[in-house]
Amino acid sequence: IIGTYCYPLFFWFPHILVNAPSGSGKSKCLTIVQYLSFRGFDLGASAGVTPAQIFRTIECNRGTITIDEYEQSDSDTQKIVNQILNASASKDAYIIRAEQVDKKWKAWKFPIFCPKAVGNISGINPTSLSRFIAFRWLKTTSERGKRKPYREQDKKSFEPIREDLYLFTLENSHKIKEIYKTL
């Protein structure tokens, strides 16, 4: 989460995959990641996520995106979303889209580099997996672990932590740059 506040310093930034059965806390984890990360933005369940939503959200938000229920399928949309996720772990990644402006077609480059956290049950293909740090969980058995987040109340309780993360990053940005130079 701290890394999401300084990801532009890096050439490569891996995605997070939370892979686990239903009832394991994947959605809760992604909600916490969204609340604490730099400009966290939930794209919702992947069944409704389109490639245009991903690259336009990244273009206007430049923050962390989360995608829940990112299950594998052979649909054309899913294949394009996979390609975006595969390419977007490196700083120089972009998507080209053409739009008609004044009756002429113009190509636009959309940068797609940003932190991403994804949750799913079915796993992910090996090519995509190489761009992720994967966490594999077991199903939650305790009642406390099954608690659903109280969206607005929880969101407000995370605000002071997020503000501290901003300050921490600002105060230590020169140190972070020096560490990165040694890698």
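Quick caveat, the model's predicted, so the values are computed rather than measured. (Residues numbered from 1 in each chain as written. Predicted model: local features only at pLDDT ≥ 70, side-chain atom pairs only at ≥ 80, totals over all residues. Heavy atoms only, no water.)

Colleague: So what's going on with the environment of Arg-136? Which residues, and what values?
Modeller: Here Arg-136 shows up in strand S7 (residues 132–136). Residue classification places Arg-136 among the exposed positions, given a relative accessible area of 58%. Here the alpha-carbon distance between Arg-136 and Gly-123, two residues 13 residues apart in the chain, equals 9.2 Å. For Arg-136, the residues in contact, after removing those within four places along its chain, are Asn-19 and Leu-129. Of note is the side chain of Arg-136, whose polar atom sits 3.4 Å from the side chain of Asn-19. (Helix = DSSP H or I, 4+ residues; strand = E, 2+ residues; numbered from the N terminus. Buried < 20%, exposed > 50% of the residue type's maximum accessible area, 1.4 Å probe, protein only. Contact = heavy atoms within 4.5 Å. Polar contact = N/O pair within 3.5 Å; in protein donor to acceptor, adjacent residues only side chain to side chain.)

Colleague: Now, about the nonpolar core: what can you tell me, with residues and values included?
Modeller: Side chains that are nonpolar tend, in soluble globular proteins, to be buried together. In this structure, Ile-54, Ile-67, Tyr-70 and Ile-112 are the most contacted members of the largest nonpolar core, which totals 28 residues. When contributions to this core are tallied by element, the ones reaching two or more residues are helix H2 (51–61), strand S3 (65–68) and helix H3 (76–87). In contact with Ile-112, not counting residues within four places along its chain, are Phe-55, Ile-58, Ile-84, Ala-87, Ser-88, Ala-93, Tyr-94 and Ile-95. Val-18, Cys-29, Leu-30 and Ala-117 belong to the second largest nonpolar core, which has five residues in total. (Core = buried A, V, L, I, M, F, W, Y, C linked by side-chain atoms within 4.5 Å.)

Colleague: Just give me the short version of unusual backbone geometry, but keep the residues and values in it.
Modeller: If you check the backbone angles, Glu-69 has positive phi at about 55° while not being a glycine. The topology assignment puts Glu-69 in the loop between S3 and H3. Judged by its relative accessible area of 47%, Glu-69 falls in the partly exposed class. Notably, Lys-103 is not glycine yet its phi reads approximately 65°, a positive angle. Relative to the assigned elements, Lys-103 resides in the loop between strand S4 (94–101) and strand S5 (104–111).

Colleague: How would you sum up the packing of aromatic side chains? Please name residues and give values.
Modeller: In the structure shown here, the tally under the stated rule is seven aromatic pairs. A ring pair is formed by Tyr-5 and Phe-38, whose centres lie 5.7 Å apart and whose planes are at 65°; its orientation type is edge-to-face. With Tyr-5 in the segment before strand S1 (15–19) and Phe-38 in the loop between helix H1 (26–36) and strand S2 (41–45), this pair connects stretches of sequence that are 33 residues apart. With a relative accessible area of 16%, Phe-38 lands in the buried category. Both rings, one in Tyr-5 and one in Tyr-166, keep their centres 4.9 Å apart while their planes meet at 85°; by these two values the pair is edge-to-face. Note that Tyr-5 is positioned in the segment before S1 and Tyr-166 in helix H5 (residues 151–182), a separation of 161 residues in sequence. Among the aromatic side chains, those forming a connected cluster through ring pairs are Tyr-7, Phe-10, Phe-13 and Phe-113. Looking at Lys-106, its charged tip hangs above the ring of Trp-108, at a distance of 4.9 Å from the centre. (Phe/Tyr/Trp six-rings, centres within 6.5 Å; stacked < 30°, edge-to-face > 60°. Lys NZ or Arg CZ within 6 Å of the ring centre and 35° of its normal.)

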